[in-house]
Amino acid sequence: MALKMADFKTDVHNDWCPGCGDFGIVNAIQMALAEMGVERDKTAIFSGIGCSGKTSHYINTYGVHTLHGRVLTFAQGAKIANPEMTIVAVGGDGDGLGIGAGHFVAAGRRNVNMTYIIFDNGVYGLTKGQASPTLKLGEQTKSLPSPNTNYNVNPIGLAVASGFTFVARGYSYDVRHLKDLIIQAVNHKGLSFLDVLQPCPTYNDLNTRDWYAGTDLMDEAQKRHSRIYKLEEHGYDPEVHYNEEAEVNERLAQALIKSLEWGNKIPIGVFYKNEIITPYTTRLKDKIPNYLENPPAKQNISKNGISNTNISHILDSLEV
Amino acid sequence: MISTDFTWLIGGPQGSGVESGANIFSRVCAEMGYHVFGKREFYSNIKGEHSYFAVRISDQKIHSNVNDVKLMASFDAETIFRHYDEVVSGGGIIYDADLDDITTDRVHTLDAPFRERLHKTLESRKKPFSIAGVLEIAKENGVKLYPVSFKAILEALAEETENSRLKGLVRMFNVIGVSLSLGLVKMPPDSLQKTIGTIFSKKQEIAKINQQTANYSYNYATAKFEEFPHTLSGSQKEPGTLLVQGFQGTALGKMACGCRMQPYYPITPASDESVFLESNEILEITDDRPGSTAVIQTEDEICAMGMTIGSALTGTRSATCTSGPGFALMTEMLGWAGINEVPVVITNYQRSGPSTGLPTRHGQDDLLFSVFAGHGDFPKIVYASGDVEESFYDTGNVFNYADVFQVPVIHLMDKFIASSVVTCPRFDPSKITINRGKLLEKIEGEYERFAFTEDGISPRSRLGLDNGIFWDTGDESDEKGHITEDPVLRVKMMDKRMSRLDLILKEIPEEEKAVSFGVEDYTVITWGSSKGPILDAIEMLKKDGISIGLVQIKLLHPFPGDYVTSLLKDAKTIIDVEANHSAQLGKLFKQNTQRNIDYSILKYTGRAMTSTEIYDSLKKIVENKAEKREVLMHGA
């Protein structure tokens with residue numbers, strides 16, 4: 001029987017602040033999982049630490065709430081051991097691009113077949129609103145004693161440069177569009193990254209829902225000018241179509257340039273997609289031919305409680 | 001029959017083939033039926049710094065090195081400067097005669113503190129600061145000198161074989177050194193030819209050149225060298241003898257016991273184990289399709305540990321292998337594995353700390369750190385193996401502990417074991433039992449990962465198992481695994497997890513907790529690789545009519561205080577022997593047995609203990625001439 005969105009909800013009380021952008025992301029994930037028809041016990045949500053870390057408890061699949069900055073390490077280990085699993089890792093921008101930035105870059109190089117979603121709000125919410133890596137230099141959100149002294153990380157640009165093979169941005173108040181992006185990301189063959197703009201109503205008084213909606217840009221006729229626009233509606237083609245250096249470089253450069261757009265016009269949608277680069281599982285298969293049929297988690301390691309691994313040829317070579 | 005106890009030392013700049021020379025020598029001796037105990041010392045450097053290999057051989061079982069070198073083969077000046085005084089009276093030094101005039105200031109890799117000490121010695125003996133100077137001292141010490149021009153050997157060989165390429169082939173110096181040595185001790189030459197053939201079996205051309213060089217050098221020694229008092233003609237070979245490198249014990253143990261995932265980050269002296277596992281990543285499985293170990297090189301040790309835990313959550317037996325600095329980075333995750341009851345194994349090949357310390361040198365520095373690693377209270381096991389043979393079987397055991405008790409296990413190894421090359425009986429994989437504990441194959445009905453049970457251990461699901469959904473969190477959690485801050489549930493969960501420490505002490509068999517090699521009035525306690533030199537020292541003391549006991553403690557956390565106390569009830573004087581500064585085992589022992597250590601013998605030069613120096617200290621203790629804290633210093 002096909003599962004509905006409700007089947008992916010748990011009865012755990014959700015303690016995010018009223019109006020939090022995170023609600024839209026969890027809803028979008030649950031909608032996407034239902035629409036894709038994944039099996040609950042073949043799916044795992046891995047999360048980091050912070051408000052977004054609680055996500056795994058709200059979704060009725062396997063849920064692994066890990067450590068600050070380390071979500072990708074746990075998630076990749078699980079996926080490599082059991083490649084049958086559908087794995088979605090989630091975390092905040094402080095989690096993934098501050099303390100976890102090293103893992104972010106290394107994960108891109110590895111290109112393990114899974115999805116990573118960053119809840120990007122520019123602040124460390126759970127510790128009362130300090131500046132996070134995506135907050136712009138000189139900006140001062142409401143609990144900062146003084147303006148931010150660090151330059152911001154560009155999540156899309158960093159992902160593209162690190163080797164992620166699917167790089168997109170969503171907006172937490174456009175749940176349907178986000179749901180579609182999540183489905184594309186999960187179906188992508190390789191490591192997919194989704195940067196989700198997610199207003200923190202409690203601590204980020206700059207990048208608010210109204211700001212994204214462009215209420216400050218209304219013209220005299222009271223017409224809204226949402227800052228957010230969709231790449232796919234403007235003829236943007238993110239995909240690497242053939243395996244040539246010039247083609248790849250052009251798409252990479254295009255994504256990088258697009259990622260710099262900010263201010264009155266903020267693009268969402270898919271920035272970059274490359275399925276020509278092999279995912280990590282394929283790279284392992286090149287070394288271990290039956291890796292996918294007999295991955296670590298499926299292997300039979302004993303017979304009647306005794307080791308069934310035959311190491312005699314190695315011992316023979318060591319024998320004198 | 002006169003028993004053989006012979007130490008051969010070869011040295012040279014790193015990258016010059018010291019290791020492969022020692023490999024040939026060790027293999028020849030092992031082939032000829034000798035017990036072999038070899039140890040490699042090297043700098044944190046790729047090329048140029050001094051490295052050496054001391055190979056001890058005997059017709060008796062041996063567990064360590066001794067101070068006395070009987071024969072040294074050197075093809076560079078530095079080896080002579082650093083080791084001339086280790087060669088005993090009646091021993092010999094084979095050296096390159098072209099080096100005679102080299103002065104200490106021409107060897108740039110002689111570091112200042114060493115050079116200063118050497119100059120002092122040379123000054124007091126009124127010798128020049130040169131190879132000729134130190135060799136004069138050696139000669140006065142009763143050492144026989146065997147000068148030979150390595151270059152002239154190559155030239156003559158080139159002429160004889162009509163292969164002019166050989167003339168300048170300095171990388172043959174190691175084979176020349178080995179073959180001259182074997183010729184000098186009259187080791188049957190066939191074994192040398194056979195061994196070179198085996199080592200280079202995949203490179204026929206290289207094998208041939210090496211065999212020619214070996215043959216020529218061997219004959220040179222027998223024809224031209226003056227008589228040497230020691231001969232090695234072979235011993236009774238025991239069938240099924242392995243010549244293994246120290247790190248291969250845990251690696252083969254992991255293959256045999258079903259470890260199928262090993263993420264790691266490169267670090268000396270641990271990486272060799274992972275590289276060996278990856279070189280053998282495809283595994284033959286009896287009556288089944290091939291298996292494999294996924295060995296993943298990660299971006300840091302934090303990722304290595306995270307991947308190991310992630311993999312373990314899928315039910316895969318998973319481990320990582322590291323050394324002290326890497327283990328330090330893993331400790332936050334160790335707590336996560338603890339609170340989430342995840343079975344993982346961390347193999348820690350310790351080296352000398354603190355910080356980067358002596359990165360390529362030995363130390364048993366991480367005992368207390370391992371026992372107390374991680375913030376907060378959570379159960380874990382710390383277990384230490386005493387040698388490579390033990391480490392194979394112990395690896396099987398530690399994975400069982402991890403699975404049965406659902407705790408992280410820190411398996412302590414060290415650099416001494418990692419870089420030793422020893423003969424030992426062939427490993428028997430049929431002795432590796434596999435107990436996955438409460439890991440579930442199938443789940444029907446309601447499931448709670450952290451359900452309360454009589455023994456405090458919950459049935460364990462795994463990612464991907466039908467009907468087995470659970471949640472993990474580093475926060476305190478309820479039975480399903482969801483976050484809780486309820487004080488009552490917190491206490492129940494904490495008590496459940498921590499009750500495992502008692503269960504571990506109850507369930508692990510006594511012989512796996514600690515091993516008694518006899519208890520006497522004077523009894524040594526130790527852990528890890530110090531066991532070998534202590535055992536050999538005890539044998540030496542026996543010949544003097546002195547009996548010393550030994551208890552090797554293997555389970556270090558939770559500490560088997562009652563069992564160790566009962567083992568030691570007849571011991572009057574307790575001597576703690578270990579390779580660190582603060583007598584870490586001694587502290588743990590006192591804490592858990594309320595008994596004091598009477599003496600400690602410690603070494604933290606970064607070099608492994610020799611049985612000779614332990615013998616000396618133990619003898620002083622028995623004769624009541626020892627310091628309470630004996631510090632050992634031998635070794636270059």
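Nothing here was measured: the structure is a model prediction, and the numbers come from that model.

Brief notes about the overall build of chain A
Line of reasoning, step 1. Of regular secondary structure, chain A possesses eleven helices and 13 strands.
Line of reasoning, step 2. Radius of gyration (C-alpha) of chain A: 21 Å, near the 20 Å computed for a compact globule of 320 residues.
Line of reasoning, step 3. Taken over 320 residues, chain A has a buried fraction of 50%.
Line of reasoning, step 4. Expressed as a percentage of contacts within chain A between residues at least 6 apart in sequence, the contacts between residues at least 24 apart total 68%.

Some remarks on the overall build of chain B
Line of reasoning, step 1. On a plain count of helices and strands, chain B comes out with 22 helices and 24 strands.
Line of reasoning, step 2. Against the globule reference of 26 Å for 636 residues, chain B gives a C-alpha radius of gyration of 27 Å, in line with a compact fold.
Line of reasoning, step 3. Each principal axis of the C-alpha atoms in chain B carries an extent, and together these give about 85 × 60 × 45 Å.
Line of reasoning, step 4. Residues counted as buried form 56% of the 636 residues belonging to chain B.
Line of reasoning, step 5. Looking at chain B alone, contacts between residues at least 24 apart form 75% of all its contacts between residues at least 6 apart.

A word on the pairing of strand β8 (residues 259–264) of chain B
Residues and elements named next belong to chain B.
Line of reasoning, step 1. For β8, a buried count of six out of six residues is recorded, marking the element as mostly surrounded by other parts of the structure.
Line of reasoning, step 2. Relative to strand β12 (residues 317–322), β8 is paired through two bridges, and the arrangement is parallel. For M261, the partnering residue across the bridge sits in β12 and is S318.
Line of reasoning, step 3. In the sheet, β8 pairs with strand β11 (residues 294–297) via four bridges, with the strands oriented parallel. Within the sheet, the bridge partner assigned to P263 lies in β11 and is I296.

Remarks on the domain arrangement of chain B
Residue and element names in this part refer to chain B.
Line of reasoning, step 1. Split by domain assignment, chain B resolves into domain 1 (5–224), domain 2 (244–431), domain 3 (438–508) and domain 4 (511–632).
Line of reasoning, step 2. The partner domain 4 presents five residues to the four residues of domain 3 that form the contact.
Line of reasoning, step 3. Across the side of domain 3 that touches domain 4, the residue classes tally to four nonpolar, no polar and no charged.

Let's talk about the confidence of the model for chain B
Line of reasoning, step 1. When the pLDDT values of chain B are averaged, the result is 97; 100% of them are 70 or greater.
Line of reasoning, step 2. For this predicted complex, the interface confidence reaches an ipTM of 0.98, while the overall pTM sits at 0.97.

Observations regarding the interface of chain B and chain A
Put simply, an interface is often sized by how much accessible area is lost when its parts join up.
Line of reasoning, step 1. Contact with chain B, which involves 70 residues of that partner, is made by 54 residues of chain A.
Line of reasoning, step 2. Counting residues per element, the side of chain B that touches chain A draws most heavily on helix α11 (residues 301–312) of chain B, at eight residues.
Line of reasoning, step 3. The residue makeup of the side of chain B that touches chain A, split by class, is 33 nonpolar, 23 polar and 14 charged.
Line of reasoning, step 4. Here strand β13 (residues 309–310) of chain A pairs with strand β9 (residues 282–285) of chain B via two bridges, running antiparallel. Within the sheet, the bridge partner assigned to T309 of chain A lies in β9 of chain B and is I285 of chain B.

Description of the pairing of strand β15 (residues 408–414) of chain B
All names here are of chain B.
Line of reasoning, step 1. Most of β15 sits inside the fold, with seven of its seven residues counted as buried.
Line of reasoning, step 2. What you see with β15 is no split at all: P408, I410, L412 and D414 on one side and V409, H411 and M413 on the other are buried throughout.
Line of reasoning, step 3. Pairing analysis gives seven bridges linking strand β13 (residues 344–350) to β15, with the strands arranged parallel. Bridge pairing in β15 links V344 to P408.
Line of reasoning, step 4. Of the strand pairs in this sheet, strand β14 (residues 381–384) and β15 are connected by four bridges, and their pairing is parallel. Counted as the bridge partner of I381 is V409 from β15.
Line of reasoning, step 5. Tracing the backbone out of β14, into helix α14 (residues 388–405) and back to the parallel element β15 gives a crossover that is right-handed.

As for the sheet that holds strand β1 (residues 5–13) of chain B
Residues and elements named next belong to chain B.
Line of reasoning, step 1. Read from one edge of the open sheet, eight strands run β6-β5-β4-β1-β3-β2-β16-β7, paired in mixed fashion. The sheet terminates laterally at β6 (144–148) and β7 (241–245), the two strands that pair on one side only. When strand polarity is set aside, the average angle formed by the axes of neighbouring strands in this sheet is 15°.
Line of reasoning, step 2. In the packing of helix α6 (residues 173–184) onto the sheet, the strands contacted are β1, β4 (69–74), β5 (87–96) and β6, and the crossing angle to β4 comes to about 145°.

Here we look at helix α22 (residues 611–622) of chain B
Residues and elements named next belong to chain B.
Line of reasoning, step 1. Under the 1.5 Å per step criterion, the end-to-end length of α22 is 16 Å for twelve residues, consistent within 8% with the ideal 16 Å.
Line of reasoning, step 2. Residues of α22 that are buried include every one of S611, E613, I614, Y615, S617, L618 and I621, and no others.
Line of reasoning, step 3. Packing partners of the buried residues in α22 comprise β19 (522–526), α19 (531–543), β22 (573–578), β23 (599–603) and β24 (629–632).
Line of reasoning, step 4. Of the residues one or two after α22, N624 is the one with positive phi, at around 60°.

Concerning α14 of chain B
Residue and element names in this part refer to chain B.
Line of reasoning, step 1. Here α14 is 18 residues long and its end C-alpha atoms lie 25 Å apart, about the 26 Å a rise of 1.5 Å per residue gives.
Line of reasoning, step 2. The sharpest bend along α14 measures roughly 30° and falls at D394.
Line of reasoning, step 3. Summarising burial for α14: 17 of the 18 residues are buried, a large majority.
Line of reasoning, step 4. Remark: Q406 follows α14 within two positions and exhibits a positive phi of approximately 50°.

Looking at the sheet that holds β12 of chain B
All names here are of chain B.
Line of reasoning, step 1. The mixed open sheet is built from seven strands, whose spatial order is β11-β8-β12-β13-β15-β14-β21. Taken across any chain shown, the strands that pair with only one partner, and hence form the sheet edges, are β11 and β21 (555–557). Averaged over all pairs of adjacent strands, the angle between strand axes in this sheet comes to 25°, irrespective of strand direction.

Structural notes on unusual backbone geometry
Residue and element names in this part refer to chain B.
Line of reasoning, step 1. A cis amide bond links T268 to the next residue, P269, at an omega of 0°.
Line of reasoning, step 2. Its location among the elements puts P269 in the loop between β8 and α10 (271–279).
Line of reasoning, step 3. Residue P558 is reached from H557 by a cis peptide bond, and omega for that bond is -5°.
Line of reasoning, step 4. Here P558 shows up in the loop between β21 and α20 (561–567).

Quick word on the nonpolar core
Line of reasoning, step 1. In this structure, A89 and V167 of chain A together with I309 and L556 of chain B are the most contacted members of the largest nonpolar core, which totals 255 residues.
Line of reasoning, step 2. A per-element tally of this core places α14 of chain B first, with nine residues.
Line of reasoning, step 3. Setting aside anything within four residues of it in sequence, one finds I309 of chain B in contact with F74 and G77 of chain A together with M333, W336, A337, V342 and V344 of chain B.

Points about the packing of helix α1 (residues 18–31) of chain B against helix α7 (residues 189–199) of chain B
Residues and elements named next belong to chain B.
Line of reasoning, step 1. At a closest axis distance of 9 Å, the pairing of α1 and α7 adopts a crossing angle of 120°. Classified by the angle between their axes, α1 and α7 sit oblique to one another. Where α1 crosses over α7, the two elements pack in a sense that is right-handed. Every residue of α7 that contacts α1 at N23, I24, R27, V28 and E31 is listed here: S191, L192, K194, T195, I196 and I199.

Considering the environment of D394 of chain B
Residues and elements named next belong to chain B.
Line of reasoning, step 1. Relative to the helices and strands, D394 resides in helix α14.
Line of reasoning, step 2. The class of D394 is buried, set by 23 C-beta atoms lying within 10 Å.
Line of reasoning, step 3. Counting along the chain gives 144 residues from D394 to T250, while the straight-line C-alpha distance between them is 8.1 Å.
Line of reasoning, step 4. Excluding its chain neighbours within four sequence positions, the residues that come into contact with D394 are Y383, S385 and H411.

Thoughts on the packing of helix α9 (residues 248–257) of chain B against α10 of chain B
Residues and elements named next belong to chain B.
Line of reasoning, step 1. At a closest axis distance of 9 Å, the pairing of α9 and α10 adopts a crossing angle of 40°. Between α9 and α10, the angle falls in the class oblique. The handedness of the crossing between α9 and α10 is right-handed. Across the interface between the two elements, Q248, T250, A251 and K254 from α9 touch E273, F276 and L277 from α10.
Line of reasoning, step 2. Grouping the constituent residues of the contact of α9 with α10 by class yields three nonpolar, two polar and two charged.

Looking at the environment of T10 of chain A
Residue and element names in this part refer to chain A.
Line of reasoning, step 1. Examined against the element boundaries, T10 turns out to sit in the segment before α1 (22–36).
Line of reasoning, step 2. In this structure T10 comes out as partly exposed when scored by C-beta crowding, with 17 C-beta atoms within 10 Å.
Line of reasoning, step 3. For the pair formed by T10 and N60, sequence separation is 50 residues and the distance between their alpha carbons is 5.2 Å.
Line of reasoning, step 4. With sequence-adjacent residues up to four places away left out, T10 is seen in contact with H57, Y58, I59 and N60.

What about the environment of S355 of chain B?
Line of reasoning, step 1. Inspection of the secondary structure puts S355 of chain B in the loop between β13 and α13 (367–372).
Line of reasoning, step 2. The exposed category is assigned to S355 of chain B, around which 8 C-beta atoms lie within 10 Å.

Parameters and conventions
Residues numbered from 1 in each chain as written. Chains lettered and ligands numbered in written order. Predicted model: local features only at pLDDT ≥ 70, side-chain atom pairs only at ≥ 80, totals over all residues. Helix = DSSP H or I, 4+ residues; strand = E, 2+ residues; numbered from the N terminus. Rg over C-alpha atoms; globule rule 2.2 N^0.38 Å. Buried ≥ 20, exposed ≤ 12 C-beta atoms within 10 Å, placed from the backbone. Contact = placed C-beta atoms within 7 Å. Pairing = 2+ DSSP bridges. Domains from an automatic or database assignment. Nonpolar A, V, L, I, M, F, W, Y, C, P; charged D, E, K, R; others polar. pLDDT = per-residue confidence, 0-100. Right-handed = clockwise from strand over helix to strand, strands pointing away. Axes fitted to C-alpha atoms, helices over the stretch in contact; angles between N-to-C directions. Expected span 1.5 Å × (residues − 1). Bend = angle between axes of the 7 residues up to and from the residue. Core = buried A, V, L, I, M, F, W, Y, C linked by C-beta atoms within 7 Å. Parallel < 35°, antiparallel > 145°, perpendicular 65-115°, else oblique. Left-handed = near helix turned anticlockwise from the far one by under 90°.

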